[in-house]
Amino acid sequence: MQYFSIISCTLFLIFVVYFPKQVSCGEITLKIKNYNSRDGFIHIAIYNNKMDFPNEKGKYLGFKEKANSVIDKGFIIYNLEENNYAIAIYHDENGNNKFDTFFGIPKEKYGFSMNAKVFLSAPSFEDSSFSIKNLEKKDIEIELK
């Protein structure tokens, strides 16, 4: 009987400590538009700090997924705390894990959340950012350029 109560207490503590944090977080479903092919990978970078956007080393979360999977099903980002975020993506068609450019001109398609306009450089965090609240589910479409 004592063994049962130890297990019950342990499970209760795990539930109380862990589960509420998961329930209170937001979620984003990312959908990609205007792609040329289904080859390669989609690189996704999530930022929560305007000083770091869109630097590779400053990303809050990063993902690399097969392009055909993201195109078909979208990509879900779970457990986001209430905050402002911006997303930067690129379609690594040749799968070399680099954003290919030629004299600074992109050779691969890219995009930003809020479909922020690009003029000679990446858009600002403010132009790309959106807010997510606890328990909120949000769909974000990014049109590749």
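Anything mentioned here points back to the structure above.
To start, this report covers the structure provided alongside it. (Residues numbered from 1 in each chain as written. Predicted model: local features only at pLDDT ≥ 70, side-chain atom pairs only at ≥ 80, totals over all residues. Heavy atoms only, no water.)

### What to know about the side chain of His-43
Then step 1. Relative to the elements of secondary structure, His-43 occurs in strand S2 (residues 41-47).
Then step 2. Each residue touching His-43, except ones within four places of it in the same chain, is listed here: Phe-63, Lys-64, Ala-88, Ile-89, Tyr-90, Asp-92 and Asn-97. (Helix = DSSP H or I, 4+ residues; strand = E, 2+ residues; numbered from the N terminus. Contact = heavy atoms within 4.5 Å.)

### Observations regarding the nonpolar core
The nonpolar side chains of a soluble globular protein tend to be buried with one another.
Then step 1. With 20 residues, the main nonpolar core has Ile-28, Leu-30, Ile-44, Ile-87 and Ile-89 as its most contacted residues.
Then step 2. Counting residues per element, the ones that place at least two in this core are strand S1 (26-33), S2, helix H2 (67-73), strand S4 (75-80), strand S5 (83-92), strand S9 (130-132) and strand S10 (137-143).
Then step 3. Other than its neighbours up to four places away in sequence, Ile-87 contacts Leu-30, Ile-44, Ala-45, Ile-46, Gly-111, Phe-112, Ser-113, Phe-130 and Ile-142.
Then step 4. Among the nonpolar cores identified, the runner-up in size contains ten residues, and Phe-53, Ala-86, Tyr-90 and Phe-112 belong to it. (Core = buried A, V, L, I, M, F, W, Y, C linked by side-chain atoms within 4.5 Å. Buried < 20%, exposed > 50% of the residue type's maximum accessible area, 1.4 Å probe, protein only.)

### Digging into the packing of aromatic side chains
Then step 1. Scanning all chains against the criterion turns up nine aromatic pairs.
Then step 2. Residues Tyr-60 and Tyr-85 carry aromatic rings whose centres are separated by 5.9 Å and whose planes lie at 45° to one another, so their mutual orientation is tilted. With Tyr-60 in the loop between S2 and strand S3 (61-66) and Tyr-85 in strand S5, this pair connects stretches of sequence that are 25 residues apart.
Then step 3. What makes Tyr-60 partly exposed here is its relative accessible area of 33%.
Then step 4. Counting every residue linked through ring pairs, the aromatic cluster contains Tyr-47, Phe-53, Tyr-90, Phe-99, Tyr-110, Phe-112 and Phe-125.
Then step 5. Taking the ring centre of Phe-41 as reference, the NZ or CZ of Lys-64 above it sits at 4.4 Å. (Phe/Tyr/Trp six-rings, centres within 6.5 Å; stacked < 30°, edge-to-face > 60°. Lys NZ or Arg CZ within 6 Å of the ring centre and 35° of its normal.)

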